[in-house]
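Listed below, chain by chain, are the residues.
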Amino acid sequence: MPGGRAGGGLLSLLEAIAVALAGVGAGTINAVVGSGTLITFPVLLAVGYAPVVANVSNSLGLVPGSFAGIVGYRRELRGQRSRIVRLGSASFTGGIVGAVLLLVLPAEAFEVIVPVLIAIALVLIVLQPRLAQRLAARRPPGHEPGAPLLAGIFGTGVYGGYFGAAQGILLLGIMGAALPDDLHRINALKNVLAAIVNLVAGVVFVLVADVAWEAVALVAAGSVVGGSLGGRYGRRLPPPVLRAVIIVVGVFAIVRLVAG
């Protein structure tokens, strides 16, 4: 497949089924943890799409699944409106910057640093209960980190707009260490921020990049099913089990990225 399928050429029935099933898997894992892109992106490459077209189409296709996950975690979002507004603005800006970088930088630009970022996020998730206790003991009641947290969310938004694999794990690591809250509520907030990044990046891509709309539709349909499943069952996991799932997925993501 020299040069890739680009934006044209219809998929075969088996290829379409594979892409849709990948969307289900990605939507499920995104709602529960994040890094669903590691499922859909390789499948889009395997059926013949060029890397940038696959990345762009994948980002657009996963947006509906992200919103399905948000609906599933709506109870955990209660009382977090101010956080959504404050942190969402950083995700919004970062997503635009990342989408622009995807269109102007070589695809290898983030390859070295991404596994390192995921590894750091996993360490933060492992230490999250102790870190949260220590930070809570030091901060005034009701106080949450300001500029450092916003900078971390912005940086994750840049990465998410650029590629997005394991964006959710990075968000969980940063917010889990910084915010005095239950991991499920943080996970619900993660779903909102990741959806913002994917949405704004998708708008940029629609305006200036080649989009494989057949792939977008298949990934979107699958991700809605997966996002609903993940939102329904993921929120029932005890926090220690959820933390273990995040770690397993994160290690898999590192291995997958390092192996190419």
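What you see is a predicted model; the values in this text were computed from it and never measured.

Peer 1: Give a description of the overall build of the chain that names residues and reports values.
Peer 2: When helices and strands are tallied, the chain shows 10 helices and zero strands. Reading the helices (α) and strands (β) of the chain from amino to carboxyl end gives α-α-α-α-α-α-α-α-α-α. By residue count, 51% of the 260 residues in the chain fall in the buried class.

Peer 1: So what's going on with the pattern of salt bridges? Which residues, and what values?
Peer 2: The final tally for this structure, using the stated rule, is two salt bridges. A salt bridge links D181 to R83, with the shortest nitrogen-to-oxygen separation between them at 2.8 Å. Pair noted here: D181 is in the loop between α7 (167-178) and α8 (183-208) and R83 is in helix α4 (residues 81-104), with a separation of 98 residues, a long-range link. For R185, the salt bridge identified is with D181, shortest N-O distance 2.9 Å. Each of R83, D181 and R185 takes part in a single network of salt bridges with overlapping partners.

Peer 1: Give a description of the environment of W213 that names residues and reports values.
Peer 2: The residue W213 is located in helix α9 (residues 213-234) in this model. Residues W213 and L60, spaced 153 residues apart in sequence, show a C-alpha to C-alpha distance of 9.1 Å. With residues near it in sequence (within four places) discarded, W213 still touches L60 and V206.

Peer 1: So, empty space enclosed by the protein: which residues are in play, and what are the values?
Peer 2: Per the counting criterion, the structure on display carries one cavity of 30 Å³ or more. In this structure, the largest cavity is lined by 21 residues; those nearest its centre are N30, S66, Q167, A194 and N198. Contributing elements (two or more residues each) for the lining of the largest cavity: α1 (13-32), α3 (51-72), α7 and α8. Among the residues making up the lining of the largest cavity, the classes are represented as five nonpolar, 15 polar and one charged.

Peer 1: Break down the nonpolar core for me, with residues and values.
Peer 2: In this structure, Y49, I118, I153, I169, M175 and I246 are the most contacted members of the largest nonpolar core, which totals 57 residues. The element that contributes the greatest number of residues to this core is α8, accounting for eight residues. Counting residues in each nonpolar core, the second largest holds six residues, with I70, Y73, A188 and V192 among its members.

Peer 1: Would you mind going over the packing of α3 against α8 in detail, with residue names and values included?
Peer 2: As a packed pair, α3 and α8 sit with axes 8 Å apart at the nearest point and diverge in direction by 145 degrees. Considering the relative orientation of α3 and α8, their crossing is left-handed. Across the interface between the two elements, V56, S59, L60, L62, V63, S66, F67, G69 and I70 of α3 pack against N191, V192, A195, N198, L199, G202, F205 and V206 of α8. Among the residues making up the contact of α3 with α8, the classes are represented as 11 nonpolar, six polar and no charged.

Peer 1: Requested: an account of the side chain of Q167, with residues and values cited.
Peer 2: With respect to the secondary-structure elements, Q167 resides in helix α7. Those residues in contact with Q167 that sit more than four places away from it in its chain are T156, Y159, G160, L193, A194, V197 and N198.

Peer 1: I'd like to hear about the packing of α1 against α9, residue by residue, with values.
Peer 2: Relative orientation of the contacting elements α1 and α9 amounts to 35 degrees, with a least axis distance of 6 Å. As for the relative orientation of α1 and α9, their crossing is right-handed in sense. Judged by residue contacts, A16, V19, A20, G23, V24, G27, T28, A31 and V32 of α1 engage A215, L218, V219, G222, S223, V225, G226, G227, L229, G230, G231 and G234 from α9. Of the residues that constitute the contact of α1 with α9, the class distribution is 11 nonpolar, 10 polar and no charged.

Peer 1: Now, about a nonpolar patch on the surface: what can you tell me, with residues and values included?
Peer 2: There is a patch of nonpolar side chains on the surface, built from V52, F67, F92, I96, V100, L103, V104, L105, L199, V203, L207 and V208 and spanning about 1000 Å² of accessible area. Put simply, the parts of the chain that give the nonpolar patch at least two residues each are α3, α4 and α8. In terms of residues, the nonpolar patch owes the most to one element, α4, which gives five residues.

Peer 1: Which residues make up α1, and what are the values?
Peer 2: Between its terminal C-alpha atoms α1 stretches 29 Å, which fits the 28 Å expected from 20 residues at 1.5 Å a residue. Listing the buried residues of α1 in full gives A16, V19, A22, G23, A26, G27, N30, A31 and V32. Just beyond α1, the residue with positive phi is G34, at close to 125 degrees.

Calculation rules
Throughout this description, residue numbers start from 1 for each chain and increase along the sequence as written. Under the rules for a predicted model, residues below a pLDDT of 70 receive no local features and side-chain atom pairs below 80 are neither given nor counted, while totals for whole chains, interfaces and linings still include all residues. Only hydrogens and water are removed before side-chain values are computed, so all heavy atoms of the structure are retained for them. The secondary structure listing takes helices from DSSP runs of H or I that are at least 4 residues long and strands from runs of E that are at least 2 residues long, numbered from the N terminus. The rule is simple: take the accessible area with a 1.4 Å probe, protein chains only, and divide by the maximum for that residue type; under 20% is buried, over 50% is exposed, in between is partly exposed. Only one rule defines a salt bridge in this text: a Lys or Arg side-chain nitrogen within 4 Å of an Asp or Glu carboxyl oxygen. The contact definition used throughout considers only heavy atoms, calling two residues in contact when any of these lie within 4.5 Å. Cavity: a set of points on a 1 Å grid over the protein atoms alone where a 1.4 Å probe fits but cannot get out. Pocket: an open set with protein on both sides within 12 Å along at least five of seven lines, its lining residues, like those of a cavity, having an atom within 4 Å of a point. Grid points are joined across faces, edges and corners, and a volume is the space filled by probe spheres set on the points. Each residue gets one label: Ala, Val, Leu, Ile, Met, Phe, Trp, Tyr, Cys and Pro are nonpolar, Asp, Glu, Lys and Arg are charged, and the others, such as Gly, are polar. Each nonpolar core is a collection of buried residues, namely Ala, Val, Leu, Ile, Met, Phe, Trp, Tyr and Cys, held together in the definition by side-chain atoms within 4.5 Å. Note on definitions: angles span 0 to 180 degrees between N-to-C directions of axes, and those axes are lines fitted to C-alpha atoms, for helices only across the stretch in contact. Rotating anticlockwise by less than a right angle from the far helix to the near helix defines a left-handed crossing, while the corresponding clockwise rotation defines a right-handed one. Patches in this entry comprise residues that are over 30% relatively accessible and not in a salt bridge; like charges within 9 Å are linked, as are nonpolar side chains (Val, Leu, Ile, Met, Phe, Trp, Tyr) within 5 Å. Values of accessible area rely on a 1.4 Å probe in the Shrake-Rupley scheme; residue burial ignores everything except the protein chains shown. Expected helix span is taken as 1.5 Å per residue step, with the number of steps being one fewer than the number of residues.

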